[in-house]
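If you want the building blocks of each chain, they are given just below.
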Amino acid sequence: MTILKKIKENLFLLIVVLGYVIMFLARPAMGIESVKNSGYYIKEMLMIMPAIFVLTALLDMWVPKEKIMHYLGKDAKAKGVFLSFVVGSISAGPIYAAFPMCVMLHKKGASIRNIVIILSSWAVIKVPMLINEAKFLGPKFMVIRWGLTITAIVIFSWISAKIIKDEDLPGEALAQPGPHVNRDACMGCTLCVKNYPALFEMQGKKAAIKTQEQIILNMEILQNTIEACPVHAIEYHEE
Amino acid sequence: MDIFTLAIWVGTLVFLGVSFARDKVKTKQALKMAFGMGKGMVANILSIIFAIGLILTILPPTEIASFVGNRSVLLATIAAALFGTVTLVPAFIAFPLVGTLVNAGVSVVPAVAFLTTLTMVGAVTIPLEKKEFGLKFTVIRNSLSFLFAIVIALVMGVMI
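Residues numbered from 1 in each chain as written. Chains lettered and ligands numbered in written order. Predicted model: local features only at pLDDT ≥ 70, side-chain atom pairs only at ≥ 80, totals over all residues. Heavy atoms only, no water.

Caption draft 1: A look at the pairing of strand β2 (residues 200-203) of chain A. Residue and element names in this part refer to chain A. Bridge count between β2 and strand β3 (residues 206-209): four bridges; the pairing is antiparallel. Considered in β3, the bridge of F200 is made with I209. Taken together, β2 and the strand that follows it, β3, pair antiparallel across an intervening segment of two residues, in which G204 is found at a positive phi of about 70°. (Pairing = 2+ DSSP bridges. Helix = DSSP H or I, 4+ residues; strand = E, 2+ residues; numbered from the N terminus.)

Next comes the structure, spelled out in structure tokens:
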């Protein structure tokens, strides 16, 4: 059962590994070339991801929820849209670099629409890219494509927000009152157990709330622990 | 390293320094959190990277270009958009490639469709996106991006 679940969780990784095995058996030369091709992307990742992770964690720690809600939430309207475009276009790195940042922003109250805008503009509207485009395809081409792309993102982010609700994103399900660990999101970093050993324990490779004993919650420690969880797997619901 | 990557590094390091000066415990926690995030994503990111390497070997961009160049505009556009979806090519390869295509007389419509789906829609990033944002979000964002990539391409064709 757990093995099956593991396979399901890592299906994509398995397919990729399998692809390489087949490639190396059938065409060793092409297998080596594939590894070489991956080299550039590894460099690209190492160049940006450590900074992105640290930056996301720092923003998560220091920027209060109300601020994010105010600037990127549902009621931020045009200001939110504009800011999202700015955040997306001054970014660096491939689209997956935007994922941890956007998950954090959404958890802190950014709207679905603005998340879609950040992700999309992160992918297509980078300033260094624009210079490259103007060089190879001409400034007129670049300006028109840039304008059209922004228009398209404005439209389809609006459509996305109409279809996708906040609850559709993971970790939004409401639970019973009290502290709660979302075991699907938990990745077993043990940070919560270290921060609040009286309340949390590891069950297998995932964190859980100790059930044996009823303790009086120390809300300050609990709040810190909730904020420290890298995947935001801990929630607290008031009674 | 381009200037934006550099700026993000500098900004992050300054932020880290300020954070450390103001609250050591909080900063340590943030670093642990960052490490945890990285650990949670590294397997997925490596899968993406090695999948791209494999795809680029099976479908080299130059071959895609010659394939797209020899078809009717409509077929070429859809094919280009699909190719763009399965691959993720760095901009410094994609732009010269598309530039050569357009200069060689190929219609701009497939070229633009290729450029847009290359970066915005990612078949290889879907598993990670699904894990982070859920299935519905991933499906809708990627299909809308794909559709609008074709719309952008068609409008470009009229305007240029």
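Caption draft 2: Molecular detail of the interface of chain A and chain B. Taken residue by residue, the interface counts 80 residues in chain A and 75 residues in chain B. Carbon and sulfur atoms make up 83% of the surface buried where chain A meets chain B, a total of about 7,500 Å² over both sides. Interface area lost by chain A to chain B is led by F12, Y41 and W62 of chain A, which between them contribute 10%. There are one salt bridge connecting chain A and chain B. In this structure, D168 of chain A and K136 of chain B form a salt bridge, with 3.0 Å as the shortest nitrogen-oxygen distance. Counting across the interface, chain A meets chain B through nine residue pairs in polar contact (both at pLDDT 80 or more). Elements that contribute at least two residues to the side of chain A that touches chain B include exactly α2 (11-26), α3 (28-62), α6 (98-107), α7 (112-124), α8 (127-137), α9 (139-163), α10 (191-195) and α11 (219-228) of chain A. Per-element tally for the side of chain A that touches chain B: the top contributor is α3 of chain A, with 25 residues. Here the side of chain A that touches chain B is composed, by residue class, of 60 nonpolar, 13 polar and seven charged. (Contact = heavy atoms within 4.5 Å. Buried area = accessible area lost by both parts, 1.4 Å probe. Salt bridge = Lys/Arg side-chain N within 4 Å of Asp/Glu carboxyl O. Polar contact = N/O pair within 3.5 Å; in protein donor to acceptor, adjacent residues only side chain to side chain. Nonpolar A, V, L, I, M, F, W, Y, C, P; charged D, E, K, R; others polar.)

Caption draft 3: Main features of the pattern of salt bridges. A full pass over the atoms with the stated rule returns six salt bridges over all chains. Where K107 of chain A meets E235 of chain A, a salt bridge forms, and the shortest distance between an N and an O atom there is 3.8 Å. One end of the pair, K107 of chain A, is in helix α6; the other, E235 of chain A, is in strand β4 (residues 234-237), and 128 residues separate them in sequence. One salt bridge in this structure joins R141 of chain B and E129 of chain B, with 2.7 Å as the shortest N-O distance. In this pair, R141 of chain B is assigned in helix α8 (residues 135-159) and E129 of chain B in helix α7 (residues 126-133), connecting sequence segments 12 residues apart. Residues R141 of chain B and E129 of chain B agree in their burial class; the two are buried. (Buried < 20%, exposed > 50% of the residue type's maximum accessible area, 1.4 Å probe, protein only.)

Caption draft 4: Spotlight on the UniProt feature "transmembrane region" (unreviewed entry) in chain A. All names here are of chain A. Taking the numbering used here, the UniProt-annotated feature "transmembrane region" (unreviewed entry) corresponds to residues 41-59, 80-99, 111-131 and 143-161. Helix and strand shares over residues 111-131 are 86% and 0% respectively, and the end C-alpha atoms of the span are 31 Å apart. Strand forms 0% of residues 143-161 and helix 100%; the C-alpha atoms that close the span are 27 Å apart. (UniProt positions renumbered as here; feature names shortened; annotations may be inferred.)

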